[in-house]
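Observations on chain architecture
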Amino acid sequence: MSFNPKLPLFAGAVVEGRRVALRLVESDGRVLSDVACDLLPYGRGIAGLLESVKAAVITALRTAELGESLAARTWVGMGLPHERVGEAVARLREDAFGFAGAAVAADLHVRCLGAHQGPDGGLIEVDTHCRAIALPRNLPRRLGGGWPLADAGGLAAIGRATVADTLDVIDGLAAADTLTDQVAARFGDRDGLMEWIAAADAEGVAAVGSLALALDGDSPRATALLDRAADRVAALADRLEALGARSVVLTGSLAEVLARRAGRDRFVEAHGDGSDGALTLVRRMTSPLSPH
């Protein structure tokens, strides 16, 4: 199949941590390239995020052995951190960043669109954070507030509970087990633990939560924390369905262990990823050439 230089191109981009994942496709959906690029070094401000997406588009064009000038004919769907979406929409109204056009939504929104290949689904992401969204009639309904509030079910929340339990053990308020012994050994003493937790971010606390995952079955405390996380995921799934989600996808590093506890029959397999969802998002604002 030959490339038609007269038809528009489409790109679906998702900011994932410190990287941009982007898929470039032709108007008929044929994939031209998939790339993953680091965010540009001048930070996560809105200009930096949008310039990072532009750089990923250029990389995708080069990977497909196409000219950089085709960025001007590329429609770009973007999944950005929720708190940056409003800024991005305002900035793109002023400056199209050299694209034919752009559509922006929260990263969780486009992951849900991609997982279900359209609206009316729900998605729970259990990784550092525990986040959930339903898209009934394409109207996003988010659950949970992320770190440090309403994040039960994610590794950061499990790590925070692990640190609290370890402090109780150090203070003589609870019995030790394998999990709290390992955490106490990591920080040395009470002062070391308190100094660390005062400065820790979500990723750092999630690293402690990973100890619970590794000790599942060997530490009663670790097993109880993961059971509690599974209860949270089950409650989120029930709520998403009550909000109108026809089915729910569970993703993230904790998905396997929590699905086993919460019941696999609650969840369906994802049909696509965030880049697919970002492509769906941008195709809605374009020509009848789009089959989506």
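One can find the structure itself at the top, above this paragraph.
In this report, the structure presented in the accompanying data block is examined. (Residues numbered from 1 in each chain as written. Predicted model: local features only at pLDDT ≥ 70, side-chain atom pairs only at ≥ 80, totals over all residues. Heavy atoms only, no water.)

1. As for the pairing of strand β7 (residues 130-134)
In terms of residue burial, β7 counts as a mostly covered element, since 5 of its 5 residues are buried. Of the strand pairs in this sheet, strand β6 (residues 122-126) and β7 are connected by 5 bridges, and their pairing is antiparallel. When the bridges of β7 are listed, Gly-122 appears paired with Ala-134. Counted between consecutive antiparallel strands, the loop separating β6 from β7 contains 3 residues. Two elements, β7 and strand β8 (residues 141-143), share 3 bridges in a ladder whose sense is antiparallel. Among the inter-strand pairings, Ala-132 is bridged to a residue of β8, identified as Leu-143. Connecting β7 to the antiparallel partner β8 that follows it, the hairpin turn spans 6 residues, and Arg-137 within it adopts a positive phi of roughly 50 degrees. (Buried < 20%, exposed > 50% of the residue type's maximum accessible area, 1.4 Å probe, protein only. Helix = DSSP H or I, 4+ residues; strand = E, 2+ residues; numbered from the N terminus. Pairing = 2+ DSSP bridges.)

2. Considerations on the side chain of Thr-74
Checked against the element boundaries, Thr-74 lands in strand β4 (residues 74-80). When residues no more than four places from it in sequence are discounted, the contact partners of Thr-74 are Leu-9, Phe-10, Ala-11, Leu-24, Phe-99, Ala-100 and Gly-101. (Contact = heavy atoms within 4.5 Å.)

3. Considering the side chain of Arg-23
Mapped onto the secondary structure, Arg-23 falls in strand β2 (residues 19-26). A polar side-chain atom of Arg-23 sits 2.9 Å from a polar atom in the side chain of Asp-273. Each residue touching Arg-23, except ones within four places of it in the same chain, is listed here: Phe-10, Ala-11, Gly-12, Val-31, Ser-33, Asp-34, Asp-273, Ser-275, Asp-276 and Leu-279. (Polar contact = N/O pair within 3.5 Å; in protein donor to acceptor, adjacent residues only side chain to side chain.)

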